[in-house]
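Okay, here's what each chain looks like letter by letter:
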Amino acid sequence: MFVNLFMAILPRGYRQLLIPLAIVAIFLLIGTAYSNSNEIVGKVNEIKDQGFSSSVKIAGIPMRTKKKGSNAIKRENATFITLARNEELEGLLSSINEVESRFNKDYHYDWVFLNDMEFTMEFRKRVSLAVSGKAKFGRIPEEQWGYPSFIDQSRAADARQYLKSIIYGDSESYRFMCRFESGFFYKQPLMDEYKYYWRVEPDVKFPCDIVEDPFKVMREKKRLYGFTLALYEIPYVVEGLWDATKEFIEKYPQYINNHNAMRFVTANKDDGYNLCHFWSNFEIADLDFFRSEAYEAYFQHLDEAGGFFYNRWGDAPVHTLAVSLLMDREQLHWFKNIGYYHPPFQNCPAEPEVRRELNCDCPNIPGAVSDDWFNFAYEANSCISQYMIAIGKDS
C-alpha cells in the first residue's frame, strides 16, 4: 500500500529511474549474502583449525569441532568426497551424521563436495557445520559434465529411448555423472593435495562403529582400492564395454599387470565379462592410481568408444575393470567389517562377536538370511566368492 502511494506521488521520470536502481540493489543483496555464506564457511574452517570446544555455534547452529586440548590422532593425507545436488541436502546431512558419529568425530578428515551447479548458501552453511573436518565446495567445469565433441547426440538420444525401461536408462544427467566419476573426479583442483579418498553418497548408513582408520589400513597394507559390496551388473547397460576393454588390452599390453585380478571379471578374456563389479558408491582408494598413465589411457579409450552415451556404462564397472586389470590383485581390499547400507544392499560383519564389539545396528531387510542381520556378501547374487577366487583365497 505504502509502496503504491509512494510511486504515485513520484514524478514519472523518477519512477522510471527506480526500476533499474531496484534491480541493482537486488543483485547487491544477493552478492552480499553469497559473500556472507563464504565468510561463514571460512570462519567454520578457521575455528576447526584452532580446535575450539564442540559447543561452538555459528548462525545459531551447533558445529562439530575437536575439543580444546584433545590428543590429536594422526591422520592420513585423505578426504571424503561427495557428488551432490542442492536438493539432496537432507539426505546428505543424514549420511554425514552417520560418518561422523561412527568414525570421523575422532579424526576430523576434510570433506570435498562437488556439484555441476553452484551450491546454495544454505547448503554450504549447514554442511560446513555438520562435518568435523574442513568442508570444501567445488563446481564441476561444464566441459566435464556434458557431451564431448565426438559424440553423436542424436544417436545418444536413441540409446536413451531404447533403454528407458532400465533404471536410469533414459537419463541424460546420469550418463554425465557416470562419465565424470569415471574420468574427472580425481582431476578436480580441490583433490590435488590428497592421496586417498573415501566416496560417500546421500542417504547411506554406516550401522557399525569404525574403530580402525581405513585410510591407515590402505597405506600400511599398500592397498590401492577398497570396497564393501560386489554384485552383478545389469547386462544391457554394459553392452560393448568388454569388447572395448579387450581392444585396450591388445593395444596397450604394457599396462596390464601380470599379477592382476582378471578372474574377478572373467574366466578368460575371450569368454566375456561376467558382470561382477565393486559397487562404487562406497570406495576408498589411492588417487595416484586414477592419476596414473595406465588408468588415463584406459579412460580415454572407453570415452572415445562412446559407451557412456550410446549405452549406459557406469563408473562402477569401469572402475572395476580398471582395478582388476591394471593393478596387482594384492592391492585390492575388502572392508568386510565396515557396516554399510545403500538401498537395497548391505554389508554387515558376519561374526556375531564382531557385530557386538562394533555396536552394529544393521537394518533387518526383507529376505535376510537370519532374523536380526543381513549381509549381502553371502547372497547368491553377490560377487564376493568370485573376488576371493580372483585374489587366491579360495579354490
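Residues numbered from 1 in each chain as written. Predicted model: local features only at pLDDT ≥ 70, side-chain atom pairs only at ≥ 80, totals over all residues. Heavy atoms only, no water.

**Quick word on the layout of surface pockets**
Right, so step 1: Reported here for the largest pocket is a volume of approximately 1,100 Å³.
Right, so step 2: Among the elements that make up the lining of the largest pocket, the one with the highest residue count is helix H6 (residues 172–183) (four residues).
Right, so step 3: When the residues that make up the lining of the largest pocket are grouped by side-chain class, the tally is 19 nonpolar, nine polar and ten charged.
Right, so step 4: Volume-wise, the second largest pocket comes out at about 500 Å³. (1 Å grid on protein atoms, 1.4 Å probe; cavity = no way out; pocket = protein on both sides within 12 Å on 5 of 7 lines; lining within 4 Å. Points joined across faces, edges and corners; volume = space filled by probe spheres on them. Helix = DSSP H or I, 4+ residues; strand = E, 2+ residues; numbered from the N terminus. Nonpolar A, V, L, I, M, F, W, Y, C, P; charged D, E, K, R; others polar.)

**Examining the environment of Ala230**
Right, so step 1: Position of Ala230 relative to the elements: it lies in strand E8 (residues 230–232).
Right, so step 2: Those residues in contact with Ala230 that lie beyond four places of it in its chain are Phe264, His277, Phe278, Phe376, Ser382, Cys383 and Ile384. (Contact = heavy atoms within 4.5 Å.)

**Focus: the state of the cysteines**
Right, so step 1: Tallied over the full model, the rule gives three disulfides.
Right, so step 2: Residue Cys276 pairs covalently with Cys383 via a disulfide, S to S 2.2 Å. Judged by the torsion about the S-S bond (-85°), the Cys276/Cys383 disulfide is left-handed. With Cys276 in strand E9 (residues 276–278) and Cys383 in the loop between helix H13 (352–357) and helix H14 (384–390), the pair connects residues that are 107 residues apart, well separated along the chain.
Right, so step 3: With cysteine numbering restricted to those in disulfides and following the sequence, the chain has the pairing 1-4, 2-6, 3-5. (Disulfide = S-S within 2.5 Å.)

**Some points on the confidence of the model for the chain**
Right, so step 1: Across the chain, the average pLDDT comes to 87, with 78% of residues at 70 or higher.
Right, so step 2: Confidence drops under pLDDT 50 across residues 368–372; counting only partners more than four residues distant or on other chains, this segment forms seven contacts. (pLDDT = per-residue confidence, 0-100.)

**Describing the packing of helix H8 (residues 241–251) against helix H10 (residues 293–305)**
Right, so step 1: Across the interface, H8 lies against H10 with an axial gap of 10 Å and an inter-helix angle of 130°. Here H10 runs oblique to H8, going by the angle between their axes. Relative to H10, H8 is oriented so that their crossing is right-handed. In this structure, H8 contributes Leu241, Ala244, Thr245, Glu247 and Phe248 to the contact, and H10 contributes Ala294, Ala297, Tyr298, His301, Leu302 and Ala305.
Right, so step 2: Partitioning the contact of H8 with H10 into residue classes produces eight nonpolar, two polar and one charged. (Axes fitted to C-alpha atoms, helices over the stretch in contact; angles between N-to-C directions. Parallel < 35°, antiparallel > 145°, perpendicular 65-115°, else oblique. Left-handed = near helix turned anticlockwise from the far one by under 90°.)

**Section: helix H12 (residues 315–326)**
Right, so step 1: The end-to-end C-alpha distance of H12, which contains twelve residues, comes to 16 Å, matching closely the 16 Å that a straight helix rising 1.5 Å per residue would cover.
Right, so step 2: Counting buried residues along H12, twelve of its twelve residues qualify, which places the element largely inside the surrounding structure.
Right, so step 3: For H12, the full list of buried residues reads Asp315, Ala316, Pro317, Val318, His319, Thr320, Leu321, Ala322, Val323, Ser324, Leu325 and Leu326. (Expected span 1.5 Å × (residues − 1). Buried < 20%, exposed > 50% of the residue type's maximum accessible area, 1.4 Å probe, protein only.)

**Re empty space enclosed by the protein**
Right, so step 1: A full pass over the atoms with the stated rule returns two cavities of 30 Å³ or more.
Right, so step 2: Size it by volume and the largest cavity reaches roughly 60 Å³.
Right, so step 3: In terms of lining, the largest cavity is formed by Ile81, Thr82, Leu83, Leu114, Phe180, Glu181, Phe185, Tyr197, Arg199 and Glu283.
Right, so step 4: Those elements that place two or more of their residues in the lining of the largest cavity are strand E3 (78–83), H6 and strand E6 (196–199).
Right, so step 5: In terms of residue count, the dominant contributor to the lining of the largest cavity is E3 (three residues).

**A look at the pairing of strand E5 (residues 135–139)**
Right, so step 1: In terms of residue burial, E5 counts as a mostly covered element, since four of its five residues are buried.
Right, so step 2: Looking at chain direction, strand E4 (residues 110–115) and E5 are connected through five bridges and run parallel. From the neighbouring strand, Val112 faces E5, where its bridge partner is Lys136.
Right, so step 3: After leaving E4, the chain enters helix H4 (residues 121–130) and then returns to the sheet as E5, a path that is right-handed. (Pairing = 2+ DSSP bridges. Right-handed = clockwise from strand over helix to strand, strands pointing away.)

**Overview of the pattern of salt bridges**
Between side chains of opposite charge, a pair can form when the charged atoms approach closely.
Right, so step 1: Within this structure, the stated rule accounts for 22 salt bridges.
Right, so step 2: Of the charged contacts, one joins Arg199 and Glu181 as a salt bridge, the two residues approaching to 3.7 Å between their closest N and O atoms. Of the two residues, Arg199 sits in strand E6 while Glu181 sits in helix H6, which places them 18 residues apart along the sequence. In this pair, the class of Arg199 matches that of Glu181, namely buried.
Right, so step 3: Here Lys195 makes a salt bridge to Asp286, at a shortest N to O gap of 2.9 Å. Note that Lys195 is positioned in the loop between H6 and E6 and Asp286 in strand E10 (residues 283–286), a separation of 91 residues in sequence.
Right, so step 4: Given a relative accessible area of 26%, Lys195 falls into the partly exposed group.
Right, so step 5: With relative accessibility at 4%, the residue Asp286 sits in the buried group. (Salt bridge = Lys/Arg side-chain N within 4 Å of Asp/Glu carboxyl O.)

**Some details on the environment of Gly392**
Right, so step 1: Tracing the chain through its elements places Gly392 in the segment after H14.
Right, so step 2: Sequence-wise, Gly392 and Arg329 are 63 residues apart; in three dimensions their C-alpha atoms are separated by 8.9 Å.

**Observations regarding the pairing of E6**
Right, so step 1: Here E6 shows a buried face lined by Tyr196 and Trp198 and a second buried face lined by Tyr197 and Arg199.
Right, so step 2: Here E3 runs beside E6; their pairing, made up of four bridges, is parallel. Counterpart to Ile81 in the pairing with E6 is Arg199.
Right, so step 3: Where E6 and E10 come together, four bridges link them in antiparallel fashion. By the bridge assignment for E10, Arg199 is matched with Glu283.

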